[in-house]
Amino acid sequence: MQARPLAVDGAFEFIPRVFPDDRGLFVSPFQEAAFVEATGRPLFPVAQTNHSRSRRGVVRGVHFTTTPPGTAKYVHCARGAIIDIVVDIRVGSPTFGKWDSVRLDPEDFRSVYFPVGVGHAFVALEDHSVASYLLSSPYVAEHELALSVLDPELGLPIPTGLDPLLSDRDRKAPTLREALAAGLLPHYEECLAIEAAGRDRRS
């Protein structure tokens, strides 16, 4: 498995080796040894797994969890294709305001690791696109917040010619600048401390 650091501090892309044969194929989208080599620590204790299916044009995000508790994610696409986007919204981060994206699909089986405190969004490029997540904390509705995925200052990679389909919540979400002014964003040092505590629990 290959690993590549993304433009957002602490986020990584993982690219496994795929083994095809006349029956189909075999692949391991998550491999602990490769994760530890890239990040210097084991994956968080998994508290929940999520599965979402989206039609072409659906845009989800930018979603994040209040910190604390904070949530880290490990995401891959089991069917269809998505553009997976990580946005650094951690106040004080050396890459605050930056984003990166990776195409996820069941051809290369790339995965993305989202550290605690960053924002997550994705664009479904095909009907019936399935995103699969590992999460470090369970879903609690009152802890979940969103930023505008269409914020022009962020300039996220929404493909031209695609009519974005957003939930009411995502359509009404504030911009990064508005969320910063309202004190809604996580702080970088606190996010690092939460990740370190999770690592200690794992070890």
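Preceding this section is the structure that the text describes.
What counts and how
Residues numbered from 1 in each chain as written. Predicted model: local features only at pLDDT ≥ 70, side-chain atom pairs only at ≥ 80, totals over all residues. Heavy atoms only, no water. Buried < 20%, exposed > 50% of the residue type's maximum accessible area, 1.4 Å probe, protein only. Helix = DSSP H or I, 4+ residues; strand = E, 2+ residues; numbered from the N terminus. Pairing = 2+ DSSP bridges. Axes fitted to C-alpha atoms, helices over the stretch in contact; angles between N-to-C directions. Phe/Tyr/Trp six-rings, centres within 6.5 Å; stacked < 30°, edge-to-face > 60°. Contact = heavy atoms within 4.5 Å. Salt bridge = Lys/Arg side-chain N within 4 Å of Asp/Glu carboxyl O. 1 Å grid on protein atoms, 1.4 Å probe; cavity = no way out; pocket = protein on both sides within 12 Å on 5 of 7 lines; lining within 4 Å. Points joined across faces, edges and corners; volume = space filled by probe spheres on them. Nonpolar A, V, L, I, M, F, W, Y, C, P; charged D, E, K, R; others polar. Core = buried A, V, L, I, M, F, W, Y, C linked by side-chain atoms within 4.5 Å.

Draft legend 1. Layout of the pairing of strand β10 (residues 111-114). Across the two faces of β10 the burial is the same, with Ser111 and Tyr113 and Val112 and Phe114 all buried. Here strand β2 (residues 12-15) runs beside β10; their pairing, made up of three bridges, is antiparallel. Within β10, the position partnered with Glu13 by the bridge is Val112. Here strand β7 (residues 73-79) runs beside β10; their pairing, made up of four bridges, is antiparallel. Directly across from Val75, in β10, lies its bridge partner Val112.

Draft legend 2. View of the sheet that holds strand β6 (residues 59-65). Pairing within the open sheet is antiparallel, and its five strands lie in the order β9-β8-β11-β6-β13. In the strand order of this sheet, the two ends are held by β9 (99-104) and β13 (144-146), each with one partner. On average, adjacent strands in this sheet sit at an angle of 25° to one another, irrespective of strand direction. The pairing of strand β8 (residues 82-87) with strand β11 (residues 119-124) spans six bridges and is antiparallel. Paired with Val87 across the two strands is Gly119, which belongs to β11.

Draft legend 3. Inspection of the packing of aromatic side chains at higher detail. Counted by the stated rule, this structure contains eight aromatic pairs. When the ring of Phe12 is compared with that of Phe14, the centres are 6.2 Å apart and the planes differ by 35°; the resulting orientation is tilted. In this pair, the class of Phe12 matches that of Phe14, namely buried. Ring centres of Phe35 and Tyr113 lie 5.0 Å apart, and the angle between their planes is 85°; this geometry places the pair in the edge-to-face category. Highlighted residues: Phe35 in helix α1 (residues 32-39) and Tyr113 in strand β10, separated in sequence by 78 residues.

Draft legend 4. How the structure looks around the sheet that holds strand β12 (residues 129-135). Read across the open sheet, the six strands follow the order β1-β2-β10-β7-β12-β5; overall the sheet is antiparallel. The open sheet has two edge strands, β1 (2-5) and β5 (48-54), and neither has a second partner. Taken pair by pair, the neighbouring strands of this sheet meet at an average axis angle of 20°, ignoring direction. Of the strands in this sheet, β1, β2, β7 and β10 touch α1, which is tilted by about 145° from β2.

Draft legend 5. Inspection of the pattern of salt bridges at higher detail. A full pass over the atoms with the stated rule returns nine salt bridges. The partner of Glu13 in a salt bridge is Arg110, and the shortest N-O contact between them spans 2.8 Å. Note that Glu13 is positioned in strand β2 and Arg110 in the loop between β9 and β10, a separation of 97 residues in sequence. Judged by its relative accessible area of 3%, Glu13 falls in the buried class. A relative accessible area of 24% means that Arg110 is categorised as partly exposed. Here Asp168 makes a salt bridge to Arg171, at a shortest N to O gap of 2.8 Å. Of this pair, Asp168 and Arg171 both sit in helix α2 (residues 168-171), three residues apart, which is roughly one turn of that helix.

Draft legend 6. Spotlight on the layout of surface pockets. In this model, the largest pocket occupies a volume close to 530 Å³. Forming the walls of the largest pocket are 33 residues, and the residues nearest its centre are Asn50, His63, Lys73, Tyr133 and Glu144. Put simply, the parts of the chain that give the lining of the largest pocket at least two residues each are β5, β6, β11, β12 and α2. Top contributing element to the lining of the largest pocket by residue count: β6, with six residues. Looking at the lining of the largest pocket, its residues break down into 14 nonpolar, 14 polar and five charged.

Draft legend 7. Here's a closer look at the nonpolar core. Counting residues in hydrophobic clusters, the biggest one holds 21 residues, and the most contacted among them are Val123, Leu147 and Val149. Among the elements of the structure, β6, β8, β11 and α3 (176-181) are those that each provide at least two residues to this core. Not counting chain neighbours up to four residues away, the residues in contact with Leu147 comprise Gly61, Val62, Phe64, Ile89, Ala173, Pro174, Thr175, Leu176, Ala179 and Leu185. Core analysis: the next-biggest nonpolar cluster, separate from the first, contains 16 residues, Leu6, Ala11, Ile82 and Phe122 among them.

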